[in-house]
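# Coordinate inspection notes
What follows is the residue order along each chain.
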Amino acid sequence: MHRWKRTLALPVTMVAIALGFLIALQAQTQKNVSAAEQISAQRMSQMKAVLTNSQEQNAQLQERHKELSERLDLARKQVGTDPQLLVHLKQLKMLDGTQEVEGPGILISIDDRNKKVTFPLYTDEILRMINTLKLAGAEAISINGQRIVGSTAIVLSGSSTILVNQVPINRTEGSPYELSAIGDQDTLLDYVSQLDGKTLKDRGMTVSIARKTLRIPSYKGSYTFKEAKTLPAQGA
Amino acid sequence: MHLDKKERSLLGFSAILLGFLFVLLIKAQGAAGSQMTVQETAIPSLIKTEQENQQLSIENSKIEQELVKYHQGQSASVLLNQQVKEAMMNAGLIEVTGPGVQITLDDSTRVATGEEDPNNYFIHEEYIREILNALWNGGAEAIAVNGQRVTTLTEVFCGGSFIQINGTRQMPPYVIGAIGDSHNLSAALKFYGYSWDRLGEFQEQYGITRKLEVLEDIKTPAGKLRNYHYAEPVKEGT
């Protein structure tokens with residue numbers, strides 16, 4: 001080893017020490033990671049099992065719902081229900097949101113996962129946009145599959161989870177936010193692009209608005225009236 | 001710096017080892033990070049499906065009950081009328097009364113002087129919107145602003161000196177009546193109404209009015225049904 005230069009001895013020693021340290025650290029991390037992976041995989045499989053379970057249940061319930069609805073329609077026809085009253089009922093159900101609807105409208109996609117965006121989309125901004133859509137005459141509105149009804153509250157839970165109708169609406173695939181609105185396409189497009197679309201674009205978000213024929217799901221929550229009473233005159 | 005063959009190979013070997021280690025480290029880090037996001041997305045969809053299931057089973061049992069009634073030979077029109085009434089109640093087309101809270105907001109009687117921002121002296125539509133949102137979150141059953149029932153399609157839009165609600169011009173003072181558990185309603189207002197606190201400060205500084213009253217008897221008038229031109233109900237079973 002006489003050929004080793006004196007000046008090289010110190011750096012080589014240092015590198016060797018650092019290397020040894022790194023290897024030890026790596027071994028440790030690898031152990032931790034594999035343990036964490038195992039726990040995580042376990043949790044995931046449990047979660048998936050629960051999710052599949054409830055999705056299966058969902059499919060069953062939907063099947064049953066379809067069957068029952070058909071029978072109901074048949075029964076109504078047999079006893080000769082007033083068709084006009086049925087139409088009226090459908091209209092009321094469109095207003096309270098319990099009826100799934102379809103029609104022409106616009107689809108607004110907002111992406112706030114962008115380096116130019118300092119603050120993500122606020123709940124207030126969603127509220128304002130929905131308000132604009134209502135002003136533009138939207139007949140039915142939904143955000144990420146949640147139907148907007150009168151009693152819809154849009155609030156923040158924790159630091160980043162947005163709740164609409166008490167359901168978290170965060171999504172990872174595609175745009176984080178998708179608003180659907182049925183109504184006059186020109187008016188809706190005009191209002192949204194002039195008012196909110198512009199503000200959000202100025203904040204650096206990607207906003208795209210497209211004309212589409214949409215289907216808007218029904219409101220899945222429930223209405224409860226514990227305190228509110230109808231006036232006797234109107235009860236009859 | 002002159003390195004002989006042995007030294008060069010040693011250096012090369014350690015460099016390769018180092019690079020290899022780094023790659024391993026980054027991979028390990030990535031694996032730990034990505035697992036979390038998958039789990040996080042599963043939870044919202046689980047909640048959504050569960051809620052849908054609950055709603056569907058409620059709806060199914062309702063239809064079942066109705067079918068039983070049909071089989072028992074009950075009058076169809078009575079049944080349908082019941083449903084219509086229920087839907088009208090949900091949609092806010094029936095006048096209701098009950099205990100709850102009443103909020104009064106009014107512009108300041110003073111006028112902005114000098115450099116002051118005149119906006120702080122007025123009630124803006126976004127305050128009302130935020131307050132409504134907070135009240136619904138607090139479990140309000142029916143809300144009206146200046147006698148205009150807030151329904152699914154109610155807008156609260158700034159039209160300059162007035163605020164447009166249900167297509168009508170509303171001027172201050174704005175009186176918001178909400179029926180529900182008054183304790184819950186006030187709590188939600190204080191928690192979620194960011195403007196609520198701000199309005200309190202404006203009251204002290206600029207003299208606007210912000211008043212919260214708990215009342216035993218609040219009336220919210222009936223809303224109006226609108227005509228649908230674009231939206232069509234989706235046929236069952238499609």
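For clarity, every value in this text was computed on a predicted model and none was experimentally measured. (Residues numbered from 1 in each chain as written. Chains lettered and ligands numbered in written order. Predicted model: local features only at pLDDT ≥ 70, side-chain atom pairs only at ≥ 80, totals over all residues. Heavy atoms only, no water.)

This part takes up the overall build of chain A. Regarding its fold elements, chain A presents six helices and nine strands. On C-alpha atoms alone, chain A measures out to a radius of gyration of 29 Å, which is more than a quarter above the 18 Å that the 2.2 N^0.38 rule sets for 236 residues. If you line up chain A on its principal axes, its C-alpha atoms span 110 × 45 × 35 Å. Going through the 236 residues of chain A one by one, you find that 41% of them count as buried. (Helix = DSSP H or I, 4+ residues; strand = E, 2+ residues; numbered from the N terminus. Rg over C-alpha atoms; globule rule 2.2 N^0.38 Å. Buried < 20%, exposed > 50% of the residue type's maximum accessible area, 1.4 Å probe, protein only.)

Looking now at the interface of chain B and chain A. Of the residues lining the interface, 93 residues belong to chain B; the matching set on chain A comes to 100 residues. Summing both sides of the interface, chain B and chain A together bury roughly 9300 Å²; the carbon and sulfur share of this comes to 63%. Seen at the junction of chain B and chain A, the total is two salt bridges. Of the charged contacts, one joins B:R226 and A:E139 as a salt bridge, the two residues approaching to 3.9 Å between their closest N and O atoms. Seen at the junction of chain B and chain A, the total is 25 residue pairs in polar contact (both at pLDDT 80 or more). Residue assignment for the side of chain B that touches chain A shows that the elements contributing at least two residues are helix 1 (5-71), helix 2 (76-91), strand 1 (96-106), helix 3 (125-137), strand 4 (156-158) and strand 9 (232-233) of chain B. In terms of residues, the side of chain B that touches chain A owes the most to one element, helix 1 of chain B, which gives 37 residues. Among the residues forming the side of chain B that touches chain A, the class breakdown is 44 nonpolar, 28 polar and 21 charged. (Contact = heavy atoms within 4.5 Å. Buried area = accessible area lost by both parts, 1.4 Å probe. Salt bridge = Lys/Arg side-chain N within 4 Å of Asp/Glu carboxyl O. Polar contact = N/O pair within 3.5 Å; in protein donor to acceptor, adjacent residues only side chain to side chain. Nonpolar A, V, L, I, M, F, W, Y, C, P; charged D, E, K, R; others polar.)

A separate point is the pattern of salt bridges. What the rule picks out here adds up to 11 salt bridges over all chains. A salt bridge links A:R64 to A:E67; its shortest N-O distance comes to 3.7 Å. Taken together, the positions of A:R64 and A:E67, both in helix 1 (residues 6-79) and three residues apart, correspond to about one turn of that helix. Of the residues examined, A:R64 reaches a relative accessible area of 32% and is grouped as partly exposed. The class of A:E67 is partly exposed, set by a relative accessible area of 37%. Between A:R71 and A:E67 there is a salt bridge whose closest N-O contact spans 3.7 Å. A residue pair is termed a helical-turn pair when its members lie 3 or 4 positions apart in one helix, as A:R71 and A:E67 do in helix 1 at four residues. Residue A:R71 is classed as partly exposed on the basis of its relative accessible area of 38%. Connected through shared salt-bridge partners, A:R64, A:E67, A:R71 and B:E64 make up one network.

Residue and element names in this part refer to chain B. Among the secondary structure elements, I163 is positioned in strand 5 (residues 163-165). The class of I163 is buried, set by a relative accessible area of 3%. Discounting residues that sit within four places of it in the chain, I163 has contacts with I123, H124, E125, I128, V156, F157, T168, R169, Q170 and Y174.

This part covers the sheet that holds strand 6 (residues 167-168) of chain A. Residues and elements named next belong to chain A. Sheet architecture is open: three strands sit in the order 4-5-6, paired in antiparallel fashion. Single-partner strands in this sheet number two, and they are strand 4 (154-157) and strand 6. Pairing of strand 4 with strand 5 (residues 161-164), which is carried by four bridges, proceeds in the antiparallel orientation. Within the sheet, the bridge partner assigned to V155 lies in strand 5 and is L163. (Pairing = 2+ DSSP bridges.)

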